[in-house]
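The primary structure of each chain is shown beneath.
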Amino acid sequence: MAKVIAVANQKGGVGKTTSVVNLSACVAALGKKVLVVDLDPQGNASSGYGIAKNKLESDIYTCLIEDDDVRNAIVKTEYNADLLPSNTQLAGAAVALVNLPRREMRLRSVLAPVVPLYDYIFIDCPPSLDLLTINGLCAADTVLIPLQCEYYALEGLTELMNTLKMVRKKYNRYLDIEGVLFTMYSGRLNLTMQVVAQVKKYYGDKVFKAVIPRSVRLSEAPSFGMPINFYEPNGKGSEAYMELAREFLSKNER
């Protein structure tokens, strides 16, 4: 039975999709059965896995809105993980969901048939609070929060915590925090260390020890449709995500 992890942050540009693609690929490389759900209308997680988004007959949109069977929409990638892809059509889903029954629980229902088939399911949520993000949080067991080491990121974290409280209260009372992941990390900057100290003060052992450095290769890899552990297996970005994957698995398989 899969553990479902929503990767979310209401602030954009924090390395959310980069973390979904690379963490999932590294967890899969360590022998786990992994599914990635691309719930972001930009479809960047699909691109990051090399999927041609415009040639799909079935995807996350048709599953959510048209009741397609999720098993027909899942794509096997070259990189060990499976993918439930997205494209720009998903941008209309937030409006289309409004009039559907149990609209906040649609994704949970969509994934139900495949939850027993995987060890871990990672959901790439949009960088906003809308019905798609609410669906991701309602379908998840935990939330992984990528956090850029800057002041504005702390404000975004506060907003996200308020959202999680609301989701727990109304829809998913067992939703927990998987962990906070520092991205675009530079230990030489005073601001970085101040942000790290403040987050650790409030979230303690929920903060991952692994950190993700700034890396040109991490930015390049999606343009080749490859996770970093395939694009540059021995680079610092790949090493960082592999370290994160091992830490993630050790926490979950004690």
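For the structure itself, consult the block above.
I will try to describe carefully the structure that is included in this document. Residue indices follow the written sequence of each chain, beginning from 1 at its first position. Side-chain atom pairs in this predicted model are given and counted only at pLDDT of 80 or more, local residue features only at pLDDT of at least 70, and totals for whole chains, interfaces and linings cover all residues. As a convention, hydrogens and water are excluded, and side-chain values are obtained from all of the structure's heavy atoms.

Helix numbers and strand numbers start at the N terminus; a helix is a DSSP run of H or I with at least 4 residues, a strand a run of E with at least 2. From N to C terminus, the chain includes 12 helices and seven strands. Only C-alpha atoms enter the radius of gyration; for comparison, a globular chain is expected to reach 2.2 Å times N to the power 0.38, where N is the number of residues. The C-alpha atoms of the chain give 17 Å as radius of gyration, which agrees with the globular expectation for 254 residues (18 Å, within 12%). With the C-alpha coordinates of the chain rotated into their principal frame, the extents come out at 50 × 40 × 35 Å. Expressed as a percentage of its 254 residues, the buried residues of the chain come to 55%. The criterion used for residue contact is that any of the two residues' heavy atoms lie within 4.5 Å. A separation of at least 24 residues holds for 79% of the contacts in the chain among residues at least 6 apart in sequence. The method behind every accessible area is Shrake-Rupley, applied with a 1.4 Å probe, and residues are considered shielded solely by the protein chains displayed. Working note: accessible area of the chain is about 11600 Å², and carbon and sulfur atoms make up 49% of it. Using a 1.4 Å probe on the protein chains alone, a residue whose accessible area is under 20% of its type maximum counts as buried, one over 50% counts as exposed, and one in between counts as partly exposed.

Aromatic rings in a pair are described by how distant their centres are and how their planes are angled relative to each other. Only rings of Phe, Tyr and Trp enter the pairing, Trp through its six-membered ring, and a pair is recorded when the two centres are within 6.5 Å. The plane angle decides the type: under 30 degrees is stacked, over 60 is edge-to-face, the rest tilted. Within the structure shown, the criterion is met by five aromatic pairs. With 5.1 Å between their ring centres and 65 degrees between their planes, Tyr-120 and Phe-248 make a pair best called edge-to-face. One end of the pair, Tyr-120, is in strand E5 (residues 120-124); the other, Phe-248, is in helix H12 (residues 236-252), with 128 residues separating them in the sequence. Judged by relative accessible area, Tyr-120 falls into the buried class, the value being 5%. Cluster of aromatic residues (ring-pair linked, three or more members): Tyr-49, Tyr-79 and Phe-230.

This brings us to the side chain of Ser-46. Assignment of secondary structure puts Ser-46 in helix H2 (residues 44-48). Polar contact is defined as a pair of N or O atoms within 3.5 Å, subject to the rule that within protein one atom must be able to donate a hydrogen and the other to accept it, and that residues adjacent in sequence are counted only when both atoms are side-chain atoms. Within the local environment of Ser-46, its side chain forms a polar contact with the side chain of Asp-38, the two groups lying 2.7 Å apart. At 3.1 Å, the side chain of Ser-46 and the backbone nitrogen of Ser-86 are in polar contact. With near-sequence residues (within four places) excluded, Ser-46 lies in contact with Asp-38, Ile-51, Lys-53, Leu-83, Pro-85 and Ser-86.

What follows covers the pattern of salt bridges. The salt bridge definition used is simple: a Lys or Arg side-chain nitrogen within 4 Å of an Asp or Glu carboxyl oxygen. For the structure on display, the rule yields 11 salt bridges. For Asp-124, the salt bridge goes to Lys-16, with nearest N and O atoms at 2.8 Å. Here Asp-124, found in strand E5, pairs with Lys-16, found in helix H1 (residues 16-29); they are 108 residues apart in sequence, far enough to count as distant. Summarising the burial analysis for this pair, Asp-124 and Lys-16 share the class buried. Residues Asp-69 and Arg-71 are paired through a salt bridge, measuring 3.1 Å at the closest nitrogen-oxygen approach. Looking at Asp-69, the relative accessible area reads 30%, which means it is partly exposed.

The periodicity of an α-helix, 3.6 residues per turn, causes residues three or four places apart in sequence to face the same way. The span you would expect from a helix comes to 1.5 Å times its residue count less one. Between its terminal C-alpha atoms H1 stretches 20 Å, which fits the 20 Å expected from 14 residues at 1.5 Å a residue. What H1 keeps buried is the set Lys-16, Thr-17, Ser-19, Val-20, Val-21, Asn-22, Leu-23, Ser-24, Ala-25, Cys-26, Val-27 and Ala-28. Once H1 finishes, Gly-31 follows within two positions and takes phi at roughly 100 degrees, a positive value.

The strands that make up a sheet are held in pairs by hydrogen bonds between backbone atoms, and each pair lies either parallel or antiparallel. Pairing between strands is defined by DSSP: at least two bridges between the two strands are required. Read from one edge to the other, the open sheet built from seven strands follows the order E3-E4-E2-E5-E1-E6-E7, with strand pairing classed as mixed. Looking at strand neighbours, the two that pair on one side only are strand E3 (75-76) and strand E7 (176-183), the edges of this open sheet. The pairing of E3 with strand E4 (residues 82-84) spans two bridges and is classified as antiparallel. Bridge assignment links Val-75 to a residue of E4, and that residue is Leu-83. Inter-axis angles, ranging from 0 to 180 degrees, are taken between N-to-C directions of lines fitted to C-alpha atoms, where helices are fitted over the stretch in contact. Packing against the sheet, H1 makes contact with strand E1 (3-7), strand E2 (34-38), E5, strand E6 (142-148) and E7, and its axis sits at approximately 165 degrees to E5. The strands touched by helix H7 (residues 131-139) within the sheet are E1, E5 and E6, with E1 carrying the most contacts at an inclination of about 150 degrees.

Of all hydrophobic cores here, the largest spans 56 residues; its most connected members are Leu-84, Leu-111 and Val-199. Element by element, the count of residues in this core is highest for helix H8 (residues 151-170), at seven residues. Contacts of Val-199, omitting those with residues within four sequence positions, involve Leu-147, Leu-154, Leu-157, Val-180, Phe-182, Gly-204 and Val-207. As used in this record, nonpolar core signifies buried Ala, Val, Leu, Ile, Met, Phe, Trp, Tyr and Cys residues forming a set joined through side-chain atoms within 4.5 Å. Val-36, Ala-81, Leu-244 and Phe-248 belong to the second largest nonpolar core, which has 34 residues in total.

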